[in-house]
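# Secondary and tertiary structure notes
For reference, the chains in residue letters:
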Amino acid sequence: MRGRRSSCSWGTSVSRVCVEKSLVFRSNTPYPTDTVVVPGGHDLFCVQLDDSKLNYFQQPQDIKESNFLKFLEKYGRHSFLAPSQVQTSFSAFYRAGDPILIYFDSSSVLSTLRQPVKMGASGLCVDGNPAGFLDSKSTSCTRIFANLSKSCVTDPALDAASYYRDFTVLKVPVNDTIVQSMKVKVSAAAPPGAPHMKHNTCINVVSEVIYEIEFSGTHGIQTVSVRFKVSNISGNSLQQHFTLHFWTRTLSHMLPRSGNPGYITGAPLLIANSGAMQHMSILRSEGDGSCSQFLRHTVQFGRNMRTGCKLSLSPILEESDCSYIQQKLNKALQGMNGAEDLAITGSAHLTQAEEWTAILIQNCSVQAVNCTSCCMVPVTLEIQILWTKVGLLSNPQAQILGARYFYRCRPLKFPSRTTVPLTTVVTFTDMTEWPEPPRGQPQMHWKLPFDIFFPFKVALNLERSYRDYLAVCFFLILIIASILCF
């Protein structure tokens, strides 16, 4: 290469950088390329350096009334892309992993919903990562601030409004005009105020963002809600957490039966919440022992279970966060959609109220411990299920008698550690009362003789009884005759 560079050194006098033609992979670029024949017979590919005296940019063509129709035919569409250029096209509905489209009404800009991720060993936030459809996951990253007072009021990543305001989510991808019915507004639950500085501390900084997106098959996204966790920072760094959770209102016919009619051992328990049938689930831990955000174990009929994990909380907890912590732990123990009713049989229908039983919930007392700087939080959920067998003894059917959620709490002191161990226990108790075993068919009791003369004795006894009967009858006839004569 050193020799090749010397042969091209003369090219620098004309403000060019050249390489031999054989070194250029022309097929790697979609743009047209060509070679320049220079004096001396060398076939070189040269790049002209920037020169204010030269103008190699394409001169824009003047649009006049005479040639307007020609340009309209070529560029007259929703964008100013030439027909030869490939335009992005979308399918009629979202597929798993597709980027979720959002639309800014004020600027008429089409973009994608982002889920920041960490990059490199430092874990700094990269905001350009698109959120994938049906890709429920949690990410975390770190932000570094060179000037906290400036970033506090100017950085949109710290402001909760930037995560739901001024844009809508498209139900399905669109290739044409965006109509109002295709837009889904993002609803914020108790949105916090804008961040601001106070005594060298940035107040109301977003530390956690949770999107909950409801979808309905090929009909696309139905609702989008977002929840925030804010904190106050005074340092030059902040760790943020971002979560996307996709869910659907599952119809009853989409869930397989757990028995017909009685439950089958090992089949999932059926629960109902707000008119939707689901499977009962409990905590599930990740590989590092932390509680999974969305993956949960399915409760199977007749099988006792016990699971545990550690739930991460904010590094700095204050007494004002007590209700938030209680809500978060309850959500982790119950799941995103808590159970209200439990199916009595494995083939229960949502429309048949008699086939469901309400789940009894016994919460722990928040005043069980006298503590001034602590918060009573649930750490254990015991699910107690009573069941029995009914029907024929030859084919008994398992049915649920009742269920109870029993919470156990303990005080959480402030300031507290960042993780709380949680436990879920499921027990099944068989309440079947079996009837007494049935007696068999009645047996014949044969009276066998105890000696060989038994038949003769029976005959003699019959003969003697017959003679006595005749004597009595003759005696009665004589008495009646004498009375009639006299």
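Above this note sits the structure.
A short tour of the structure in this document, coming up. (Residues numbered from 1 in each chain as written. Predicted model: local features only at pLDDT ≥ 70, side-chain atom pairs only at ≥ 80, totals over all residues. Heavy atoms only, no water.)

### A short note on the sheet that holds strand S19 (residues 305-312)
Definition in use: Should DSSP find at least two bridges between two strands, the strands are regarded as paired. Secondary structure elements are defined from DSSP: runs of H or I of at least 4 residues count as helices, runs of E of at least 2 residues count as strands, and each element is numbered from the N terminus. Lines fitted to C-alpha atoms define the axes here, with helix axes fitted over just the stretch in contact, and angles between the N-to-C directions of these axes take values from 0 to 180 degrees. By definition in these notes, contact holds between two residues if any of their heavy atoms fall within 4.5 Å.
Spatially, five strands are ordered S19-S25-S23-S24-S22 in an open sheet, and the strand pairing comes out mixed. Of all strands in the sheet, those with a lone pairing partner are S19 and strand S22 (360-362), marking the two edges. The mean inter-strand angle of the sheet, taken between neighbouring strand axes irrespective of direction, is 15 degrees. Here S22 pairs with strand S24 (residues 397-413) via three bridges, running parallel. The partner of Leu-360 across the bridge, within S24, is Arg-404. Docked against the sheet, helix H4 (residues 322-334) engages S19, strand S23 (374-390), S24 and strand S25 (419-430), running at close to 25 degrees with respect to S23.

### Here we look at the pairing of S19
Formally: Only protein chains enter the accessibility calculation, which uses a 1.4 Å probe; a residue whose area is less than 20% of its type maximum is buried, one above 50% is exposed, and one in between is partly exposed.
Only one face of S19 is buried, namely the one carrying Met-305, Thr-307, Cys-309 and Leu-311, since none of Arg-306, Gly-308, Lys-310 and Ser-312 on the opposite face is buried. Note: S19 against S25, eight bridges, orientation antiparallel. Within the sheet, the bridge partner assigned to Leu-311 lies in S25 and is Val-420.

### What to know about the sheet that holds strand S15 (residues 270-273)
As summarised here, the arrangement of the four strands in space is S16-S15-S20-S21, forming an open sheet in which the pairing is antiparallel. Of all strands in the sheet, those bounded by a partner on one side alone are strand S16 (276-279) and strand S21 (356-358). Pairs of neighbouring strands in the sheet enclose a mean axial angle of 35 degrees, with direction left out of account. Direction of pairing for S15 relative to S16: antiparallel, over a ladder of four bridges. When the bridges of S16 are listed, Ala-272 appears paired with Met-277.

### Overview of the state of the cysteines
Applied cut-off: Here, a disulfide means two cysteine sulfur atoms that sit within 2.5 Å of each other.
On inspection of all chains with the given rule, the structure shows three disulfides. There is a disulfide in this structure between Cys-125 and Cys-141, and the S-S distance comes to 1.9 Å. Handedness of the Cys-125-Cys-141 disulfide follows from its S-S torsion of about 90 degrees: it is right-handed. Note that Cys-125 is positioned in strand S7 (residues 124-126) and Cys-141 in strand S8 (residues 137-144), a separation of 16 residues in sequence. The buried category is assigned to Cys-125, whose relative accessible area is 17%. Cys-141 gets classed as buried once you look at its relative accessible area, which sits at 1%. Here Cys-152 connects covalently by a disulfide to Cys-202, the sulfurs 2.0 Å from one another. Across the S-S bond linking Cys-152 and Cys-202, the dihedral sits near 85 degrees, which makes this disulfide right-handed.

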